[in-house]
Amino acid sequence: MRKLAWAARGMSAVSGAVLLGTLMVPTALADEGPGSTADRSSSMAEGKKCGARDVSSAAPDFIALSGVVFRVASDAQGNSFLNDNRNPGVWINLGALANAPTCVIGTAASVTEAATGRLVITLLTQNGAQHEAVCTTSSTAFTPTNIVAACGAGFSLLPNTPVMK
């Protein structure tokens, strides 16, 4: 009887691990947006590791976006993603934006509080360069289909970053 109980616990642990992996991995992969598949595939195929994973968030406190939280994260391959909590589980690959940096190791997010709010996303790359995108916020959640229009020109390099190698 003890052997049967041990086997049941082992199967439960394996099932839980498989289920957890199934639930966690596809959200980032399924909602990457246009043009990002090649970027992600090539970095993963090469086994490229850029460093630490990072996450940051910004929560506007003005009435129009009350309760909204924007999260920016990077993975070990240096890709960066945006989540708008009004669209749960959807992580948008920021590689879809013009001039998106690669080998991202740090993220920052902030929101301006004006009539038309702006989400400012700053990404730090492995070589110390900082890139910034300014996206217009609205009552509509960010999605892979509207992120390019909301972020206009995409990313721009911030000059004279003091941590550059």
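Fair warning: this is a prediction, and the values are worked out from it, not measured in the lab.

Caption draft 1: Here's a closer look at the state of the cysteines. A complete count under the given rule lists two disulfides for this structure. The disulfide that involves C50 links it to C103, with 2.0 Å between the sulfurs. Of note, the bridge from C50 to C103 carries an S-S torsion of about -110° and is left-handed in sense. One end of the pair, C50, is in the loop between α2 (36–45) and β1 (54–58); the other, C103, is in the loop between β4 (92–93) and β5 (104–112), and 53 residues separate them in sequence. Taken as a pair, C50 and C103 share a single burial class, namely buried. With its sulfur 1.9 Å from that of its partner, C135 forms a disulfide with C151. Note on the C135 and C151 pair: the S-S dihedral is about 100°, so by sign convention the disulfide is right-handed.

Caption draft 2: Quick look at the pairing of strand β6 (residues 118–125). Counted residue by residue, β6 has six buried out of eight residues, so it is predominantly covered. Note that β5 and β6 share eight bridges and pair antiparallel. In the strand pairing of β6, T107 is matched with L123. Connecting β6 to the next strand, strand β7 (residues 130–136), in antiparallel fashion are four residues, including G128 with a positive phi near 95°.

Caption draft 3: Spatial organisation of the confidence of the model for the chain. On average, residues of the chain carry a pLDDT of 76, and 67% of them reach 70 or more. Considering only residues more than four positions removed or in separate chains, one finds that residues 4–45, a stretch of pLDDT under 50, has 28 contacts.

Caption draft 4: Spatial organisation of the packing of aromatic side chains. One pass over the full model with this rule turns up one aromatic pair. Taken together, a centroid distance of 5.6 Å and an interplanar angle of 55° make the contact between F70 and F142 tilted. With F70 in strand β2 (residues 70–74) and F142 in the loop between β7 and α3 (147–150), this pair connects stretches of sequence that are 72 residues apart. Overall, F70 belongs to the buried group, its relative accessible area being 0%.

Caption draft 5: Geometry of the sheet that holds β6. Strand order in the open sheet formed by four strands is β5-β6-β7-β8, and the pairing between neighbours is antiparallel. Whereas interior strands pair on both sides, the edge strands pair on one side only; in this sheet they are β5 and β8 (155–158). Taken over all neighbouring pairs, the strand axes of this sheet differ in orientation by 25° on average, direction set aside. With four bridges connecting them, β7 and β8 associate as antiparallel partners. Residue pairing for β8: H131 is matched across the bridge by L157.

Caption draft 6: Main features of unusual backbone geometry. Despite not being glycine, N99 shows a phi value in the positive range, around 60°. Counting through the fold element by element, N99 comes out in the loop between β4 and β5. What makes N99 exposed here is its relative accessible area of 56%. Here C103, not a glycine, exhibits a phi torsion of approximately 60°, which is positive.

Caption draft 7: Inspection of the nonpolar core at higher detail. In this structure, F70, L82, L119, I121 and F142 are the most contacted members of the largest nonpolar core, which totals 24 residues. Elements with a minimum of two residues in this core: β2, β5, β6, β7 and α3.

Rules behind the numbers
Residues numbered from 1 in each chain as written. Predicted model: local features only at pLDDT ≥ 70, side-chain atom pairs only at ≥ 80, totals over all residues. Heavy atoms only, no water. Disulfide = S-S within 2.5 Å. Helix = DSSP H or I, 4+ residues; strand = E, 2+ residues; numbered from the N terminus. Buried < 20%, exposed > 50% of the residue type's maximum accessible area, 1.4 Å probe, protein only. Pairing = 2+ DSSP bridges. pLDDT = per-residue confidence, 0-100. Contact = heavy atoms within 4.5 Å. Phe/Tyr/Trp six-rings, centres within 6.5 Å; stacked < 30°, edge-to-face > 60°. Axes fitted to C-alpha atoms, helices over the stretch in contact; angles between N-to-C directions. Core = buried A, V, L, I, M, F, W, Y, C linked by side-chain atoms within 4.5 Å.

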